[in-house]
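# A structural walkthrough
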Amino acid sequence: MIDFELPQELVELRERVTEFIKTKVVPLENDPRQHPHIEESLRQELVALGREAGLLSPHAPKEYGGLGLDHRGIAVVFEAASYSPLGHLALNIQAPDEGNVNLLMRVASPEQKARLLPPLVRGELRTVFSMTETATDGAGADPSLLQTVAQQDKDGYLITGRKYMISGVTGAGINIVMARTLDVHGQDLGASMFFVDMDAPGFSCDRELHTLDSNTPGGHWEVSFDKVRVTPDQVLGEVGRGFAQAQIRLAPARLTHCMRWLGQAVRCHEIAVEHARKRHSFGKTLGEHQGVGFMLADNEIELHMCRLSIWHCAWLLDQHEQARNETSMAKVFCSEALGRVVDRCMQILGSIGITSDTVVERVYRDIRCFRIYDGPSEVHRHALARRLMSPRR
Ligand SMILES: Cc1cc2nc3c(=O)[nH]c(=O)nc-3n(C[C@H](O)[C@H](O)[C@H](O)COP(=O)(O)OP(=O)(O)OC[C@H]3O[C@@H](n4cnc5c(N)ncnc54)[C@H](O)[C@@H]3O)c2cc1C
């Protein structure tokens, strides 16, 4: 039986997070260090506040310094933290680091865990995940097109290739790179993951991309690898198991994106409700006009349905189920429904909506990307439809 009742300590933690975000984080929302993306100095300031409040890294195991929450706890806390677009940084739960903690926990060697997890969990180290390739060729929605190669030799591997739209590059300490692996005879062993140092010879940050969103410390980059040397101890997990390992990372990572965007959409909805109560038009408040009232009602319905689908997937993950199909459906539903919620909020706010006088404008820009990363909506639908058509279903 699914149990959505929250333990008292989780309710109290949610209250602490809510209070922390409203009093410490919201006041920093207009800090100038956010263009074109959030600067590292602001991120560190936010992490220091989260640490002081004892709220850092709720997703990470206690043995590494986190709060050790299960998926249900994560769902509750991530939503509360994301009431502010800066909240995920203050709690150190931003992508890709949050997903990378999970990946490392599942597949890294004991030495790699001991070296990388403590600074990651303390918010001192940021990581990058490099999968997508050039805008017109190579791995994208279809990872099987992977072109970056790791050629094995007697000392390890030499990585060569280009990656596109790689988030968080400036200021990061470690790059997790997916590459097709060839043995010394040129035989394809499949995709593998490698740790590449950001200052490794042959690695270059070629171009920072100008993007619609602005919420990623370190920005989004096009980077390249020219025979970058990695040693065998820089392999993450098993050689040839890169795609399978990416799947381990993906299901919970998709869901935490849903949680973060839910929190931000809730905030936008609150702003729109407040505005609709106060602003008058044609002899009554905006909210008294059915056209506006129905938009707000649709927001309530979609926020509620998103929360339910997130909690259901979290519950499945807590039962140690992979929940790949369910998180895939939740990702499509939440990215589209929450996008509609924020769009309605902007419409209700009128001209204020498109200014930076409220966070709605920023969330509107940032949330658009959610329908593309971690699998575009169409690709999730494609996979679902393929399963439906399978004779073995
Ligand atoms: C803000 C942001 C941050 C990102 N950060 C990272 C990162 O840190 N690391 C990383 O590796 N990648 C990152 N990405 C890249 C992201 O993973 C890719 O954008 C995504 O996998 C899609 O690949 P693509 O952009 O190459 O689109 P393409 O593969 O070129 O697809 C383009 C469009 O074609 C359509 N399409 C594709 N396949 C199908 C199909 N089977 N059926 C129907 N329609 C289809 C979809 O509408 C899709 O949006 C990021 C992307 C964004 C937007």
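Because the structure is predicted, anything quoted here is derived from the model rather than measured. (Residues numbered from 1 in each chain as written. Predicted model: local features only at pLDDT ≥ 70, side-chain atom pairs only at ≥ 80, totals over all residues.)

## Examining the overall build of the chain
Tallying secondary structure elements over the chain gives 11 helices and 10 strands in all. Here the C-alpha atoms of the chain give a radius of gyration of 22 Å, agreeing with the 21 Å that 2.2 N^0.38 yields for 393 residues. With the C-alpha coordinates aligned to their principal axes, the bounding extent of the chain is approximately 80 × 55 × 45 Å. The buried share among the 393 residues of the chain stands at 45%. (Helix = DSSP H or I, 4+ residues; strand = E, 2+ residues; numbered from the N terminus. Rg over C-alpha atoms; globule rule 2.2 N^0.38 Å. Buried ≥ 20, exposed ≤ 12 C-beta atoms within 10 Å, placed from the backbone.)

## Remarks on the packing of helix H8 (residues 290-318) against helix H9 (residues 324-349)
Interhelical geometry of H8 versus H9 gives an angle of 155 degrees and a closest axis separation of 9 Å. By the angle between their axes, H8 is roughly antiparallel relative to H9. Considering only the axes of H8 and H9, their crossing is left-handed. Here the residues of the contact of H8 with H9 are counted per class, giving 15 nonpolar, five polar and five charged. (Axes fitted to C-alpha atoms, helices over the stretch in contact; angles between N-to-C directions. Parallel < 35°, antiparallel > 145°, perpendicular 65-115°, else oblique. Left-handed = near helix turned anticlockwise from the far one by under 90°. Nonpolar A, V, L, I, M, F, W, Y, C, P; charged D, E, K, R; others polar.)

## Thoughts on unusual backbone geometry
At the junction of His35 and Pro36, the peptide bond is cis and its omega measures out at 0 degrees in the coordinates. Tracing the backbone shows Pro36 in the loop between helix H1 (8-25) and helix H2 (40-52). Positive phi, close to 55 degrees, is recorded for Ala323, a residue that is not glycine. Take Ala323: there are 23 C-beta atoms within 10 Å of it, and that puts it in the buried class.

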